[in-house]
Amino acid sequence: MSRLVVASNRVADISKPGSAGGLAVAVGDALQELGGLWFGWDGEVTDTPRSPQPRLTTSGRVTLAMLSLSEEEYENYYLGYANSVLWPVLHYRLDLAELDAAYLRTYRSVNQRFAHALGGLLKPDDVVWIHDYHLFPLAAELRAQGFGQRFGFFLHIPFPPPDMFVALPGYEWLIRCIFSYDLVGFQTEADRVNFQRVVQEHADGVLEADGRISAFGRTIKADAFPIGIDVETFRAMARTRKADDQIEKLRRRTIAGVNIIGVDRLDYTKGLPERFKAFRLLLENYPENRKYMTLMQIAPPTREDVDAYADIRMELEGLSGAINGAFGDIDWTPIRYIHRNVARDVLAALFRGCEVGLVTPLRDGMNLVAKEYVAAQDDENPGVLILSRFAGAAETMDEALVVNPYDANEVAQSMQRAATMPLEERRERHAALYKRIERHDVSRWRREFLAALGVGQEVHQA
Ligand code: ADQ
């Protein structure tokens, strides 16, 4: 029987609901259910001499093994190669990539250090599941130490087409690293196809008859595993007594007939300025919505030490101020912009209480907010989801109003359409969406990934 070991850049405190982002929620749920070991960075940056051994704690059925980063590692690995090179390029934003040779060197050395620390905890038959772009080389480094078990990798963000991928310094080495895994999972079929093209066009890769792919003398499985949410739990969270009070309070505080909600980390990939501009256009082109529609945008701070994030923050504050100044009145604020974290149960209630969910990233691996919005709705009188065609979620959520997030006109028209959509149509769309997110929930995602890694039901508590 094998133990499940998960490695991801950040290890979240899974005992505190509401403290975690997309990846942490999904992985935390899977580990809580199965038990096992979760390895990664504890979020601390310190230059005091550190023990090479990870700090161990337990949280329920999960052992957490955590390391901190030095100042230089934080700058060059986390802020540098991971978030100023890989994040923008994998989100098709070559214009925002900061190419610096020191970034790649430190990215590699941090992955080596992590591999040594994790290696000290690994048992030969552990099943190791590594997550996301921070840790592409981790399996290669572990294999270099002699570990021979199965390694799986899941990429939570998009995989771009070859022309973009090859803009990454170190792209050939990265592809080679990916081939140290036995299974590589992507969010969508489009990502998988992009990966296959990169391997065929830039690594002499060959597609085998059984669908696996060969390069660098290894044959691996690459497939799409669209991530889901814990639908039942989220739905229940939106239906507590406290949630009812929250919704009641929302309705009392605003004179709006229609509340539109957006919830996103304050990230340039989420299309927030474009969203605000579309809302402005809605107020200009459909003046009947003044004092009738309100956009509530919750956007907690994230990666504030990266310049591009400070820029987007200033831009958003400028835009919301200008729109509120131009259209607001003493009894109506068009945009309520909340720049902080909100507890998950409050988010669930707000989703349920808002008539329109606006999810318009310029590019997104999946986007869990889209699924959470659907999960929270009342079947009898559901709200309408507006969803970017460039979110991975759009591949399987076509009953949403699917929009081009760059086209302010189209987004404004969709808001108008959502706000005036007949009940019958709202119900039909919601029922179809709900059925699909329920069927493809987070536990199915985890089961299918682990089954494809060849461990099926045998993974058990450590
Ligand atoms: P993210 O880019 O973080 O995730 P997303 O999938 O939307 O994007 O997940 C965000 C999560 O954080 C959601 O569960 C949401 O409810 C929560 N959240 C957002 N704002 C919050 C706030 N103010 N307070 C509390 N919670 C908040 C990455 C990828 C995505 C991919 C996920 C999972 O970028 O494309 O869907 O991983 O694979």
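Attention here is on the structure that accompanies the text.

1. Section: the site of the ligand
- In the region of the ligand, 23 residues are neighbours, and His-156, Arg-265, Val-342, Asp-364 and Glu-372 sit closest.
- A distance of 2.8 Å separates a nitrogen atom of the ligand from a polar atom in the backbone of Val-342.
- Bound to the protein, the ligand loses 96% of the 710 Å² it would expose on its own.
- Those elements giving two or more residues to the shell around the ligand turn out to be α12 (344-353) and α13 (368-376).
- Per-element accounting of the shell around the ligand gives the leading share, 3 residues, to α13.
- Looking at the shell around the ligand residue by residue, the classes come out as 10 nonpolar, 7 polar and 6 charged.
- The residues that make up the shell around the ligand include at least three from each of domain 1 (4-228 + 442-452) and domain 2 (231-439).

2. Comments concerning the environment of His-131
- For His-131, the location among the structural elements is in strand β5 (residues 127-131).
- A relative accessible area of 0% means that His-131 is categorised as buried.
- On a C-alpha basis, the gap between His-131 and Ser-8 in space is 4.9 Å, while along the polypeptide they are 123 residues apart.
- Here His-156 takes part through its side chain, which lies 2.9 Å from a polar atom of the side chain of His-131.

3. Considering the packing of aromatic side chains
- Considering all chains together, one arrives at 27 aromatic pairs under this definition.
- Seen in terms of ring centroids, Tyr-77 and Tyr-107 are 6.1 Å apart; in terms of plane orientation they differ by 25°. Their pairing is stacked. Residue Tyr-77 is found in helix α2 (residues 71-90), and its partner Tyr-107 is found in helix α3 (residues 101-119); the two are separated by 30 residues along the sequence.
- Relative accessible area serves as the criterion here: at 0%, Tyr-77 is assigned to the buried category.
- Chaining the aromatic ring pairs together yields one cluster made of Phe-39, Tyr-77, Tyr-81, Tyr-107, Phe-114 and Trp-173.

4. Considering the sheet that holds strand β4 (residues 62-69)
- Sheet architecture is open: 10 strands sit in the order β3-β4-β2-β1-β5-β6-β7-β10-β9-β8, paired in mixed fashion. At either end of the open sheet lies a strand with only one pairing partner, and these are β3 (55-59) and β8 (206-207).
- Across 3 bridges, strand β9 (residues 213-215) lies against strand β10 (residues 218-224) in antiparallel orientation. Across the sheet, Ala-215 pairs through a bridge with Arg-218, a residue of β10.
- Sitting on the sheet, α3 is in contact with β1 (4-10), β2 (36-45) and β4, with an inclination near 145° to β4.
- Against the sheet, helix α7 (residues 189-202) makes contact with β7 (183-186), β8, β9 and β10, and its axis sits at roughly 155° relative to β10, the strand it touches most.

5. Some points on α3
- The first and last C-alpha atoms of α3 sit 27 Å apart over 19 residues, in line with the 27 Å expected at 1.5 Å per residue.
- Of all the positions in α3, only Ala-102, Tyr-103, Thr-106, Tyr-107, Val-110, Asn-111, Phe-114, Ala-115, Ala-117, Leu-118 and Gly-119 are classed as buried.
- Where α3 is buried, its residues meet β1, β2, β4, α2, α4 (138-144) and α6 (171-178).
- Its side-chain oxygen 2.9 Å from the backbone nitrogen of Ala-102, Asp-100 forms the N-cap of α3.

6. Description of the nonpolar core
- Membership of the largest hydrophobic core comes to 98 residues, with the highest contact counts inside it found for Phe-114, Ile-130, Phe-136, Leu-138, Leu-168 and Phe-195.
- Of all the elements, α2 adds the most residues to this core, at 11 residues.
- Both domain 1 (4-228 + 442-452) and domain 2 (231-439) contribute no fewer than three residues apiece to this core.
- Look past the residues within four positions of Leu-138 in its chain and what remains in contact with it is Ala-7, Asn-111, Phe-114, Ala-115, Leu-118, Ile-130 and Tyr-181.
- With 60 residues, the next largest nonpolar core counts Val-231, Val-263, Met-296 and Ile-298 among its residues.

7. Overview of the sheet that holds strand β12 (residues 293-298)
- Judged by pairing direction, the sheet is parallel, and its 6 strands sit side by side in the order β13-β12-β11-β14-β15-β16 without closing on themselves. Of all strands in the sheet, those bounded by a partner on one side alone are β13 (335-338) and β16 (401-403). Averaged over all pairs of adjacent strands, the angle between strand axes in this sheet comes to 20°, irrespective of strand direction.
- Together, β11 (258-263), β12, β14 (356-359), β15 (384-388) and β16 form the strand contacts of helix α14 (residues 408-419), whose direction differs from that of β16 by roughly 170°.

Conventions used here
- Residues numbered from 1 in each chain as written.
- Predicted model: local features only at pLDDT ≥ 70, side-chain atom pairs only at ≥ 80, totals over all residues.
- Heavy atoms only, no water.
- Near = heavy atom within 4 Å.
- Polar contact = N/O pair within 3.5 Å; in protein donor to acceptor, adjacent residues only side chain to side chain.
- Areas by Shrake-Rupley, 256 points an atom, 1.4 Å probe, with all protein chains shown as cover.
- Helix = DSSP H or I, 4+ residues; strand = E, 2+ residues; numbered from the N terminus.
- Nonpolar A, V, L, I, M, F, W, Y, C, P; charged D, E, K, R; others polar.
- Domains from an automatic or database assignment.
- Buried < 20%, exposed > 50% of the residue type's maximum accessible area, 1.4 Å probe, protein only.
- Phe/Tyr/Trp six-rings, centres within 6.5 Å; stacked < 30°, edge-to-face > 60°.
- Pairing = 2+ DSSP bridges.
- Contact = heavy atoms within 4.5 Å.
- Axes fitted to C-alpha atoms, helices over the stretch in contact; angles between N-to-C directions.
- Expected span 1.5 Å × (residues − 1).
- Core = buried A, V, L, I, M, F, W, Y, C linked by side-chain atoms within 4.5 Å.

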